[in-house]
Amino acid sequence: MAAQTQHRDPVEIISKTAQTSGISEDYWNELVELFREACLSYHEGHESEAKKLAIDILPELIRRWSKASPENSDEKRLRLQNMFIEESRRIADAGIIQRMIVNRLSERVLPSIMNELKQRGFAPTGNSGKKLPKNTADLLEQAEKPPEENKLLQKAMEKNRAITPGGATLSTGKRKVPVGDVSGMIDALQGSEYKSMAQQISPLRSLFE
Amino acid sequence: MEENATETTPIPTMSSNTAAETILVGFDWGTNSSCIMASTTGSNDLLTNEIIPSIVGYAKEGLLEGILPSDKTVLFGKEALKYRIYCQLQRPMRNGVIDDLKSASDYAGHIKEHLPEGREYRAVIGVPARADQIARENVRTAVKGVFDKVILIPEPFLAALGYRDESRLKEDGYIDPVNNSLFIDIGAGSSDLCLVQGYYPQPDDQISIPYAGDAVDAELSKEILQKYPDSDLSIHSVIEIKEEHAYMGPQKSDIIVKKIIGGKPRTLDIGYEIGQSTLTLLDLIFEGVKQEIAKANPDSVPELLQNIVLTGGGSQIKNFAEVLQKMLEDDGYEQPKVRIIGENYKEFVAKGAMKAARAAKERQWQTLID
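Scanning chain A from N- to C-terminus turns up 7 helices and 2 strands. Walking chain A from its N terminus toward its C terminus, one meets helices and strands in the order α-α-α-α-β-β-α-α-α. Sorting the 209 residues of chain A into buried and exposed places 27% on the buried side. Taking the intrachain contacts of chain A between residues at least 6 apart in sequence as the baseline, contacts between residues at least 24 apart amount to 64%.

Written out as structure tokens, the structure reads:
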């Protein structure tokens, strides 16, 4: 999973990029990386960090990339939109994997560690045995509980929920798809779903409105 | 598409397959009953076509051996209803979306037992048009380990697809039902009205009214209790009464129902009460139909009025189509025609899902990570 987001100086990032590359693709790569980081920050619950990246840094990078890029404005807009959708989808997929890992940790790995520690004479709670540091003890105690009582697991799941807030229903969006075009209908539904996800986690949509 | 749970209805299926094949599944997961169809890729023969009540029964603690078949701890569908006094019944769905994830996962696991053996299972699953991201994610979570890949599609889309008979499109006199129709799907939790005019409906083409079969059950239960305060009928008994006797239109005074109350057989004279229980539904549908007609292009309205289609469990209420048609006529609409899809309405969403599964491209399938 992604590392904890570091605080960066926006000016430093932009000037570094400009110095080292000077071409649109470098701006583009930086743009993708920062957007991904904004999504990850938001997903991990660091909303202010995500906003900072999205509002303070990305618009300027988009402007510079846009200036340097030889593509016309429609192509640029489309490339950006596709990138936002694709990156958002990747983060959503990562969320699923994260949940899976948390589940596995909670259900299988941590209980095994707990047993081993017990066998070696440690005890998370209670009076017998050597005491573990409180944080470790709490973690291990939670790990022994079933998923529905496991606060750590629930907290992780709540965080994952942040990426899929309710409200967006399934539709073909603005596209009119003839009833005979089944594959086109599925494309429109999925495209609309990804777009909706992107909009929900990205404050950058204001750039297109 | 919904109906109230009654029987598991196995429908004869075609030849078996080999385990090396990919199984395509069309799944209409309804609040009260679900329809599942399956075939292998590249084949039009159905290997599975079943309707199973969407209910799970968890055996009560302390039951003696031999009470439940094979001493099962979890029962499904018809069997759960049959042994309901020994079980804690749980409906996985409410208002068309998953309400209880555990029983939903258990139910999905049971569904797999009805499927032919295969190498990989790919399912197109119908979801209500209003299902939000969380509701859709719940469906994906519940079917993990049951299906390998899924595509979720709104039920009105699948109903339109399922109702259309492509083999008859070139036939003289065949009216393509998706060219210009108003579908009214009365389920358990909601009534969905949807304009279909050659294109898959967009959000503006649809109205979802959170009043349908379950609300009629509650209304009927209240009416009966008011007249017979000691009756205390279970919701299953009320549903049985509704399914057999519910009507719309002029009051019927000759509906006598026999029920066991306080251990003794009693006759209940409830013609008036049954009529009262459906009034609100009728009024709401009538208003919804008027709103949908108003949205249509005026040039399309004469033809649209000829194709108002009632479907879902609620469409089985006696005289519904006739009474609705009369109300529209009295309101000034020109020669409206309201018809009912028929008793096989339960299959249309699953049928549409099968068509979508066959047409889906490889890249459109969403892999479920277990």
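Next comes the rest of the account.
Right, let's talk about the sheet that holds strand β7 (residues 87–90) of chain B for a bit. Residues and elements named next belong to chain B. Within the open sheet, the 3 strands sit side by side as β6-β5-β7. Their pairing is antiparallel. Here the strands that pair on one side only, and so sit at the sheet edges, are β6 (74–76) and β7. The sheet shows a mean angle of 25 degrees between the axes of neighbouring strands, taken without regard to direction. The sheet contact formed by strand β5 (residues 56–59) and β7 spans 4 bridges and is antiparallel. Bridging from a neighbouring strand, Val 56 pairs with Gln 90 of β7.

Attention shifts here to the interface of chain A and chain B. Taken together, the contact pairs 22 residues of chain A with 30 residues of chain B. Sorting elements by how many residues they give to the side of chain A that touches chain B places helix α7 (residues 182–201) of chain A first, with 7 residues. Residues of the side of chain A that touches chain B, tallied by class, amount to 12 nonpolar, 8 polar and 2 charged.

Residue and element names in this part refer to chain A. Residue-level pLDDT values for chain A average 67, and 44% of them are 70 or greater. The low-confidence segment residues 13–21, where pLDDT is below 50, has 11 contacts with residues more than four positions distant or belonging to other chains. Confidence drops under a pLDDT of 50 for residues 201–209, and excluding neighbours within four residues, the segment shows 16 contacts in the predicted structure.

This brings us to the sheet that holds strand β13 (residues 191–196) of chain B. Residue and element names in this part refer to chain B. Strand order in the open sheet formed by 5 strands is β14-β13-β12-β17-β18, with mixed pairing between adjacent strands. If you trace the sheet from one side to the other, it starts and ends with β14 (206–209) and β18 (338–340), each paired once. Pairs of neighbouring strands in the sheet enclose a mean axial angle of 20 degrees, with direction left out of account. Here 6 bridges tie strand β12 (residues 181–186) to β13, and the two strands are oriented antiparallel to one another. The residue bridging Ser 181 from the neighbouring strand is Val 196, located in β13.

Membership of the largest hydrophobic core comes to 107 residues, with the highest contact counts inside it found for Val 25, Ile 125, Ile 184, Ala 353 and Ala 356 of chain B. By residue number, the principal contributor to this core is helix α11 (residues 348–359) of chain B, which donates 7 residues. With residues near it in sequence (within four places) discarded, Ala 356 of chain B still touches Val 182 and Ile 186 of chain A together with Val 124, Ile 151, Ile 153, Leu 158 and Leu 161 of chain B. Judged by nonpolar contacts, the second largest core, of 20 residues, contains Trp 28, Tyr 42, Ile 57 and Ala 92 of chain A.

All names here are of chain B. Along helix α3 (residues 133–142), 7 of the 10 residues are buried, which leaves the element largely enclosed by surrounding structure. Listing the buried residues of α3 in full gives Gln 133, Ala 135, Arg 136, Glu 137, Asn 138, Val 139 and Ala 142. Here the buried face of α3 lies against β9 (97–98), α2 (101–113), β10 (120–127) and β11 (149–154).

The next thing to look at is the packing of helix α8 (residues 279–295) of chain B against helix α10 (residues 320–330) of chain B. Residue and element names in this part refer to chain B. Two elements in contact, α8 and α10, have axes separated by 11 Å at closest approach and are oriented at 50 degrees. By the criterion of interaxial angle, the relationship of α8 to α10 is oblique. With respect to the hand of their crossing, α8 and α10 are arranged in right-handed fashion. For the pair α8 and α10, the contacting residues are Leu 282, Ile 285, Phe 286 and Val 289 in the first and Val 323, Leu 324, Met 327 and Leu 328 in the second. Each residue belonging to the contact of α8 with α10 can be placed in one class, and the counts come to 8 nonpolar, no polar and no charged.

The next point concerns the pairing of β12 of chain B. All names here are of chain B. Extensive coverage of β12 is indicated by the burial of 6 of its 6 residues. The alternating pattern of β12 places Ser 181, Phe 183 and Asp 185 on one face and Leu 182, Ile 184 and Ile 186 on the opposite face, and all of these are buried. In sequence, β12 turns back onto β13 through a hairpin of 4 residues. Bridge analysis of β12 against strand β17 (residues 308–311) gives 4 bridges, and the strand direction is parallel. Looking across to β17, one finds that Asp 185 is bridged to Thr 311.

Glancing now at helix α6 (residues 235–245) of chain B. All names here are of chain B. Turning to α6, its buried residues number three or more, namely Val 238, Ile 239, Ile 241 and Lys 242. Seen from one end, α6 has its buried residues packed into an arc of 160 degrees, which puts them on one side. Looking at the buried side of α6, the elements it contacts are α5 (213–227) and β15 (256–261).

This paragraph deals with the pairing of β10 of chain B. Residues and elements named next belong to chain B. With 7 of 8 residues buried, β10 is to be regarded as a mostly interior element. Where strand β2 (residues 22–28) lies against β10, 7 bridges are found, and the strand directions are parallel. Residue pairing across strands places Ile 23 opposite Tyr 121, the latter belonging to β10.

Conventions we followed
Residues numbered from 1 in each chain as written. Chains lettered and ligands numbered in written order. Predicted model: local features only at pLDDT ≥ 70, side-chain atom pairs only at ≥ 80, totals over all residues. Helix = DSSP H or I, 4+ residues; strand = E, 2+ residues; numbered from the N terminus. Buried ≥ 20, exposed ≤ 12 C-beta atoms within 10 Å, placed from the backbone. Contact = placed C-beta atoms within 7 Å. Pairing = 2+ DSSP bridges. Axes fitted to C-alpha atoms, helices over the stretch in contact; angles between N-to-C directions. Nonpolar A, V, L, I, M, F, W, Y, C, P; charged D, E, K, R; others polar. pLDDT = per-residue confidence, 0-100. Core = buried A, V, L, I, M, F, W, Y, C linked by C-beta atoms within 7 Å. Parallel < 35°, antiparallel > 145°, perpendicular 65-115°, else oblique. Left-handed = near helix turned anticlockwise from the far one by under 90°. Arc of directions from axis to C-beta.

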